[in-house]
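# Descriptive structure summary
Letter by letter, the chains look like this.
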Amino acid sequence: MNIKHQRIRLFAAGFFCLAGINTASAQIPSTHWAKDGYQYYRAQGSSIVLLDARDAAKKTEIVSQAALTPTGQKALAVRRFYFSEDGQKVLIYTNSKKVWRYNTRGDYWLYDLTAKKLTKLGAKFPASSMMFAKFSPDASKVAYVVNHNIYVESLADNNVTQLTTDGTTKLINGTFDWAYEEELFCRDGFRWSPDSKQVAYWQIDASKTKNYLMINTTDSIYPYVVPVEYPVAGEPPSPFKIGVVPVTGGATKWMDIPTDPVLQSYVPRMEWAANSNELIIQHLNRAQNQSELMMCNVATGKAKTIYKENDAAWIDVLASWDDDYSYGGWDWFKKGAEFLWPSEKDGWRHLYRISRDGKKEKLITKGNYDVMGINAIDEQSGYVYFMASPTNATQAYLYRTKLDGSGQAERLSPANQVGSHDYDVSPNGKAATHTFSNYYTQYVNETVSLPDHKTFNGDEKVNKAIAAADKSKNNAEYFKVKTADGVEMDGWMVKPNNFDSKKKYPIVFYVYSEPWGQTAKDQYGATFNNLYNGDMAEDGYIYVSMDNRGTPVPKGRAWRKAIYQGIGTLNIRDQAMAAKEVLKNSFVDTSRVAVWGWSGGGSTTLNLMFQYPDIYKTGIAVAAVGNQLTYDNIYQERYTGVPVNEAGKEAFRKGSPITYAKNLKGNLLYIHGTADDNVHYSNAEQLINELVKYNRRFQLMSYPNRTHSISEGEGTAAHLHQLYTNYLRANCAPGAR
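Residues numbered from 1 in each chain as written. Predicted model: local features only at pLDDT ≥ 70, side-chain atom pairs only at ≥ 80, totals over all residues. Heavy atoms only, no water.

An unreviewed UniProt entry lists the protein chain under the name S9 family peptidase, from Mucilaginibacter pallidiroseus.

Next comes the structure, spelled out in structure tokens:
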């Protein structure tokens, strides 16, 4: 459940690649560090330039707009670009189209810097049909996926070899089905061997996975069905295979990876094991509480478990907390003798060095803190750079520590820069692009040297921005609240303008509360309500959000996994008990209490309205899961278990809003898109049925043929914002009393 209506940050400086970390399948970055660790490449319009972190004025055009202009056509709009290992060829991704959440289908062009020649790859294929094109390590070929089959194109003569021929919408080669993509972050489903002679790939068999049938009633006079393979909780996932095929074509050698023939299992990660003879994979059981790392011999197909881990709740895949791994990557040391691996087995998310045979391990990060993300690994200097925040879970800072596990973690983010940091560290740790904000300081970008964390030109933009920001003009306050159950939660509160503690104000709670959303962050914009037309503080509302147990905050494993089998119950009680404490403030009008959220936050809103109707008087729920048994198996089973029988379904029922719909007392606005392929519209209709059954009054807004984001169609955003605002004002009136 990855689209959770979390705010998207757009940095003026662009997006940066964590070069040196995920070299196996670098698909996302639009900017790349050069090998010297100071210079970096960036697309600017229809050209590619080389910039220097040490000198902001220095810019060298590497590929001009003229060079990227096909004969008789407009210049290519560079969405992403990738250099070959020798730096002499550039792969240009353009004309992209969306596949579910992301624009992963498009056209690819090759620019040869030596020959100064621009060539369209996959010329025989329809426009915007190619996926995940990438160079072979020797830069002689490019492989890509078209219509669920894998192809290799020779760059010498553009001859195309089809490596798989059985691909269909139900037998998927080189990419994934809906659930794998949404919940395990698997999109790019093939890997070049280091010797450029083989391609390893996933094959997903969705032939027995049931379709959810969405009905499109707006794009033609006669409605038509839009099927999506979608395994709900209790249904087995699409079986996988891992195969290796020679780039010259021929038979695929399938790896012999054990699986449960009934329950099935998952392989969320697969890479070449630092040679061309073996693959390393992560194998998860259906319940996702047992992880095996396996070495696969590509000649024989034999798989051997080298490292195993169990968790009483679930095991997170790396990409779930470090999205730089969403397109692959494996971190090897000592020429493949060891690799990096994260684990929560000591109660905190830490990094370990594991020997190739899995028999030896070394804890790298030590202490009572969580690694929040891996920024860079510099084996030559012996450091790993990572994000952490040991003393404040609402913030994030850059640290580094020795790769050999000696010494303590060293904080590199300056002590005076209190808030949330983001870094793209160069491969050798000499430089980083740095983004900072806190709740009263807007996002600022600069380039710094490391480890001293100084700007190269002496223009300390972040320090200047913090000094210039007027904290006193911001109404937000960050606080901790302890519930009657002894649970301490972080939160923020935005008070009205001209606040008078002797008066009473309406209060609006913003919630998410599930394992995929942290709302109480100390970063700019976290306290904004983007659906409200106007200024809530000016209108006289108190706006609050708090993070309960189970949310993905850096407070240790026990905090995050307390929610196991408790989505819809534990998180709901935490939120309600925390709200009770907040409502004890004399300036809160307890007759005007509203709550709202989107997706998982919509589910939380419904549960709060139904389970604690005496607290919450008005609710606005958007795209909510009304019945947990309708949601996809990977997400829901990860946190609630596998419902193999009726007893196993009980936790799903206990957490589902429809179970408590009969308790509604207050004002409820329910909003959903009928073409939501994530949280299906059937959730809305099941909820409606329950509310009607018990004669509960509510308001409904169905947006025809809109997806989970409810963003499609002319006028949609304006309509949604006004609908939200009008309902809140009408049922939770603004202003002091």
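### Structural notes on the sheet that holds strand 39 (residues 542–547)
Backbone hydrogen bonds hold the strands of a sheet together, and the pairing may be parallel or antiparallel. On the basis of which strands lie adjacent, the open sheet formed by eight strands has the order 36-37-39-38-40-41-42-43 and mixed pairing. Looking along the sheet, the strands with just one partner apiece sit at the ends: strand 36 (476–482) and strand 43 (699–703). Strand-to-strand, the axes of this sheet are offset by a mean angle of 20°, without reference to chain direction. Pairing geometry for strand 37 (residues 488–494) and strand 39, over five bridges, is antiparallel. Its bridge partner being in strand 39, glycine 491 is matched across the sheet by methionine 546. Those strands touched by helix 5 (residues 570–582) are strand 36, strand 37, strand 38 (505–510), strand 39 and strand 40 (588–598), and its axis lies near 140° from that of strand 39. (Pairing = 2+ DSSP bridges. Helix = DSSP H or I, 4+ residues; strand = E, 2+ residues; numbered from the N terminus. Axes fitted to C-alpha atoms, helices over the stretch in contact; angles between N-to-C directions. Contact = heavy atoms within 4.5 Å.)

### Some thoughts on the environment of serine 599
Topologically, serine 599 is positioned in the loop between strand 40 and helix 6 (600–611). Judged by its relative accessible area of 0%, serine 599 is buried. In the structure, serine 599 is positioned 58 residues away from proline 657 in sequence and 13 Å away in space, judged by C-alpha atoms. (Buried < 20%, exposed > 50% of the residue type's maximum accessible area, 1.4 Å probe, protein only.)

### Things to note about the UniProt feature "domain: Peptidase S9 prolyl oligopeptidase catalytic" (unreviewed entry) in the protein chain
Look at the UniProt record and you will see "domain: Peptidase S9 prolyl oligopeptidase catalytic" (unreviewed entry) annotated at residues 536–728. A helix fraction of 38% and a strand fraction of 18% characterise residues 536–728, whose end C-alpha atoms lie 11 Å from each other. (UniProt positions renumbered as here; feature names shortened; annotations may be inferred.)

### Comments concerning the side chain of serine 343
Within the fold, serine 343 resides in strand 25 (residues 338–343). Serine 343 sits in the buried class, given a relative accessible area of 4%. Among the polar contacts made by the side chain of serine 343, one reaches the side chain of glutamate 309 at a distance of 2.5 Å. Of note is the side chain of serine 343, whose polar atom sits 3.1 Å from the backbone nitrogen of lysine 345. When sequence neighbours within four positions are dropped, the list of residues in contact with serine 343 reads Glu309, Trp348, Arg349, His350 and Tyr352. (Polar contact = N/O pair within 3.5 Å; in protein donor to acceptor, adjacent residues only side chain to side chain.)

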